[in-house]
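Topology and contacts: notes
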Amino acid sequence: QVQLVESGGGLVQAGGSLRLSCAASGSIFVINTMGWHRQAPGKQRELVALITNSGSPNYADSVRGRFTISRDNAKNTVYLQMNSLKPEDTAVYYCTTINALGRRSWGQGTQVTISS
């Protein structure tokens with residue numbers, strides 16, 4: 001199993017920025033895709049952003065243009081730069097990886113709270 005350790009969550013004012021990071025360790029074989037999901041209270045978990053091994057990103061419509069996902073393959077780390085944050089971005093953010101066989105791993109989640 002892949003272990004994922006997240007950092008960077010916290011409280012920020014609307015319009016501000018946060019940078020999340022997630023480092024993968026453990027039984028890493030080949031990680032094809034890394035990304036972020038989020039879940040607000042009473043809501044379904046939703047995709048935020050994904051990035052492939054080649055660095056090609058995909059974003060949810062709600063964050064496109066405000067968030068930027070990147071990765072450092074040497075460090076097995078994925079980042080999420082979040083700018084122009086809105087109260088509706090408040091959620092628990094989960095790091096995820098998908099290996100070459102399609103097996104998914106999840107991080108523990110980190111709280112992001114945006115105040116008005």
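Presented here is a report on the structure given in the accompanying data block. Not measured: the values here are computed from a predicted model. (Residues numbered from 1 in each chain as written. Predicted model: local features only at pLDDT ≥ 70, side-chain atom pairs only at ≥ 80, totals over all residues. Heavy atoms only, no water.)

1. Brief notes about the pattern of salt bridges
Under the convention used in this document: Any Lys or Arg side-chain nitrogen located within 4 Å of an Asp or Glu carboxyl oxygen qualifies as a salt bridge. Here a helix means four or more residues in a row that DSSP labels H or I, a strand means two or more in a row labelled E, and each is numbered from the N terminus. Whether a residue is buried, partly exposed or exposed follows from its accessible area with a 1.4 Å probe, protein chains only, as a fraction of its type maximum: under 20%, in between, or over 50%, in that order.
Inspection of the entire model under this criterion finds four salt bridges. The salt bridge partner of Arg38 is Asp89, with a shortest N-O separation of 3.0 Å. Taken together, the residues Arg38 in strand E4 (residues 31-39) and Asp89 in the loop between strand E8 (77-82) and strand E9 (91-99) connect sequence positions 51 residues apart. Asp89 shares its class with Arg38; the two are buried. In this structure, Arg66 engages Asp89 in a salt bridge whose closest nitrogen and oxygen atoms are separated by 2.8 Å. On the criterion of sequence distance, the pair formed by Arg66 in the loop between strand E6 (57-59) and strand E7 (67-72) and Asp89 in the loop between E8 and E9 is long-range, its members being 23 residues apart. Here Arg66 falls in the buried class, since its relative accessible area comes to 12%. Judged by relative accessible area, which is 1%, Asp89 ranks as buried. Each of Arg38, Glu46, Arg66 and Asp89 takes part in one network of salt bridges that share partners.

2. Some details on the pairing of E9
One face of the sheet, then the other: side chains in a regular strand alternate in exactly this way. For clarity, the threshold we go by: Two strands pair if DSSP finds at least two bridges between them.
In terms of residue burial, E9 counts as a mostly covered element, since seven of its nine residues are buried. Bridging between E4 and E9 involves eight bridges; their strand directions are antiparallel. Residue His37 lies in a different strand from E9, and its bridge partner there is Tyr94. As defined by bridge partners, E9 adjoins strand E11 (residues 110-115) across three bridges and the pair is classed as antiparallel. Bridge pairing in E11 places Val92 opposite Gln111. One ladder, built from three bridges, connects E9 with strand E10 (residues 104-106); its direction is antiparallel. Of the residues in E10, the one forming a bridge with Ile98 is Arg104.

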